[in-house]
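One letter stands for each residue in the lines below.
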Amino acid sequence: MRPDVIPTKLWEHPDPESTPMWRFLQNVNKRHGLDMKTFSELHEYSLQNRSQFWADVWEEANYIHEGTYSRVVDESAPIDAVPIWFEGVKLSYAENVLYSRPKGSSSSQTRSTVGKEDDKVAVTEVREGASETRDATYGELRERAGRLAAAMKARGVKKGDIVVIVGSNSIDTLLVWLATSWLGAIFSSSSTDMGTKGILQRTVQVNPKLLFMDDAALYNGKIVDLREKMAEVVEGLKDCSNFDNIVSIRRFSEARDISAVPKAITWDDFLASAGATPAIPDFVRIPFHEPYLICYSSGTTGTPKAIVHSLGGVMISYFKEGGLHEGLTGSDVTLQYTTTGWIMYLSNVAILLYGGKTIIYDGSPFKPDSSILISLAAQHRVTKLGISPRWMFEFAKNGQSPREMADLSALRIVTCTGMVLSDQLFEWFYDSGFPPSVQLANISGGTDIAGCFGICNPLTPVYVGGTQGPSLGVAVEIYDSMVGDGEPGRPVPEGTAGELVATTAFPNLPCFFWADPIPEDQKGVASPGTRYHSAYFARFPHVWAHGDFCVIHPTTRSLHLLGRADGVLNPSGVRFGSAEIYSVIERRFADRVQDSLCVGQRRPKDHDESVMLFLLMKPGQKLDEALVKEVKEAIGKDLSKRHVPKWIFETPEIPTTINLKKVELPVKHIVCGRKVKPSGTLANPQSLDFYYQFAKVEELVNPHPNL
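Rules behind the numbers
Residues numbered from 1 in each chain as written. Predicted model: local features only at pLDDT ≥ 70, side-chain atom pairs only at ≥ 80, totals over all residues. Heavy atoms only, no water. Domains from an automatic or database assignment. Contact = heavy atoms within 4.5 Å. Buried area = accessible area lost by both parts, 1.4 Å probe. Buried < 20%, exposed > 50% of the residue type's maximum accessible area, 1.4 Å probe, protein only. Helix = DSSP H or I, 4+ residues; strand = E, 2+ residues; numbered from the N terminus. Pairing = 2+ DSSP bridges. Core = buried A, V, L, I, M, F, W, Y, C linked by side-chain atoms within 4.5 Å. Axes fitted to C-alpha atoms, helices over the stretch in contact; angles between N-to-C directions. Salt bridge = Lys/Arg side-chain N within 4 Å of Asp/Glu carboxyl O.

1. Points about the domain arrangement of the chain
On domain assignment, one finds that the chain holds domain 1 (7–88 + 289–559), domain 2 (138–285) and domain 3 (568–699). Spacing between the C-alpha centres of domain 2 and domain 3 amounts to 41 Å. Facing the eight residues of domain 2 at the interface are six residues of domain 3. Around 480 Å² of area is buried between domain 2 and domain 3 when both sides are counted, 51% of it from carbon and sulfur atoms.

This is the structure in structure tokens:
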């Protein structure tokens, strides 16, 4: 990104005053006697009047709840105090998904089915390649989730217990989530494509009461029997004091025999625990700030962190992001490609809070071919599609155009996240990919906050590069990355790259990490010595350091992600992100290079860091001296001579997570001479073996030509 150049404008809302964000802005103006007209003014208001802003959002969300709050939050508390929000308010996730609160209702506890009528389809589940489709109405979700909650209660599940599922993106998985939260218990999910080690790294540390698991899985055209994995997981949980049973979920027409799996019970037998005509329990409403969800960090360099999210924090944040930034309502239909082990699983079903419809897809997004998600979007009149840069890249490199494949006239917004979105893909999106009326919403945040730091909005244009702007109510700044750990941070001018931080508290901060000691009053959950503190607050005192290397454009105010801060390249003191290198490779060499991985190497004996670039060639292509020279010249011309890698090698495979995010940090550790224990989240852990030879790069007998 060049701060002195205004990037190309790609999209602008045709009628911003028709959007929920504009209506919210006008309601705030009326309520407080203000005269705001722009997103910038609304964002500034949200930072300067934190309690008032979040009270405005809470009022607008209109959730079913009980109790009142005397103050929104203690604004004097620093962010690492993790202050409590809306103390005195209680609510239920399941209740708010399954019912609505009438607008203008005098009681906060009034429950209605308006907009969520019994016969209204809430979920359409699609199996890989559209090989099987089934619907569930709001009435069916209420009935089936209530019966499952009754069975869980009969089995002793209560408020604060943990229920884990290893499941597909299915209606049954959603029912487990709803039934768990119905009882005030805590939900956690992992995907079936995760290895036994990865599942146990997550599950053992939270000591669940119940574990639900699909008996089989379908991916990339192959059916996988999961019973052996079930038995391995049960064996791994033998020392978990709370663990009672594993419940087998029938994934196909015939249930598999699980009699050889210890502690296993079928779904049908589990439901029978509550009797033939079970008494449906009341919804258990829990305090706004208490836990209801556990998500996990990627764990690419160690044991995954068990990140505990509060019910109210997630719900109010999602109304702000979905309802205001994205403009979602009960008339929307969403399709988010995700597994149950990714944070985007929340986005996958959150439309149900508004009374809309979600299309949940399980399987490969390229089976039977790459058009499957586009076909589904057209068939179901999807208004919001959630994808990744990797998915877009596959279309662009193959010269495919989604808008020429199907009727996408209902589509209003496409969200994209998971890795850095290159400038070339921004341009492809509007030049060749999607209808020009569709808003490209490049978003960035993560599992850590179950939300976004950078996000879209309908009141400003979309420009090439970065996220459209900051998220309301979140004080984002860029700090000097040269400051030492533990020293006070220094903001840098807009246009200067540095580390992304948040300086004041917001509701969707994690409650705590499960493995950390938790005081009864929940104070000091991020004190020095906790994993929580070391993850986010050790870098700069009293400031959340997110670990992203970013820059804010001084004119457009867009937030550009340049890579992870721990993966910043720093040859001869020149700091830049790997995304800058990837952008050149994608733009100039997509016809020959399939993918690339760029890391820094600085071993104990090295006086400076060297940049290593690994190229995964397309079939039939090889890396030779001529291409190495061409890559060198392109990077030097497009960026600078100081960006040119010292070493360029061909690689047979690039390590990725099971969510297809390429992984740099383990490779960086390896080439710097360290041994790495592969994480259970890696889709191809064996790929790391190739990189160990480069720790002694000078001793390689016949390396590819280096620069």
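2. What to know about the pairing of strand S3 (residues 121–127)
For S3, the buried fraction is high: six of the seven residues fall into the buried class. Note: S3 against strand S4 (residues 133–137), five bridges, orientation antiparallel. Residue pairing for S4: valine 123 is matched across the bridge by alanine 136. Between S3 and S4, which follow one another and run antiparallel, lie five residues, and glycine 129 among them has a positive phi close to 70 degrees. Looking at chain direction, S3 and strand S16 (residues 357–362) are connected through five bridges and run parallel. In the sheet register, threonine 124 faces S16, and the bridge partner there is isoleucine 359.

3. A word on the nonpolar core
Of all hydrophobic cores here, the largest spans 146 residues; its most connected members are Tyr93, Leu141, Leu148, Met152, Phe212, Tyr532 and Trp544. Residue contributions to this core peak at eight residues, all from helix H6 (residues 171–182). Not counting the four nearest positions on each side in its chain, tyrosine 532 is found in contact with Val82, Leu509, Pro510, Cys511, Phe512, Phe513, Asp516, Val525, Ala526, Phe537 and Trp544. Ile585, Leu627, Ile670 and Val697 belong to the second-largest nonpolar core, a separate cluster that totals 41 residues.

4. Some remarks on the sheet that holds S3
One open sheet accounts for seven strands, arranged S4-S3-S16-S15-S17-S18-S19; its pairing is mixed. Unpaired on one side and paired on the other, S4 and strand S19 (439–442) mark the two borders of the sheet. Taken over all neighbouring pairs, the strand axes of this sheet differ in orientation by 15 degrees on average, direction set aside. Bridging between strand S17 (residues 384–387) and strand S18 (residues 413–416) involves four bridges; their strand directions are parallel. What sits directly across from isoleucine 387, in S18, is cysteine 416. Contacts from H6 reach S3, S4 and S16 within the one sheet, and its direction differs from that of S4 by about 30 degrees.

5. Regarding the pattern of salt bridges
All chains considered together, the criterion is met by 37 salt bridges. Between arginine 285 and glutamate 66 there is a salt bridge whose closest N-O contact spans 3.2 Å. Pair noted here: arginine 285 is in the loop between helix H9 (267–271) and strand S12 (286–287) and glutamate 66 is in the loop between helix H3 (50–61) and strand S2 (90–91), with a separation of 219 residues, a long-range link. The class for arginine 285 is buried, based on a relative accessible area of 15%. Taken together, the shared-partner salt bridges connect Glu125, Arg134, Arg144, Asp172, Asp214, Arg251 and Asp362 into one network.

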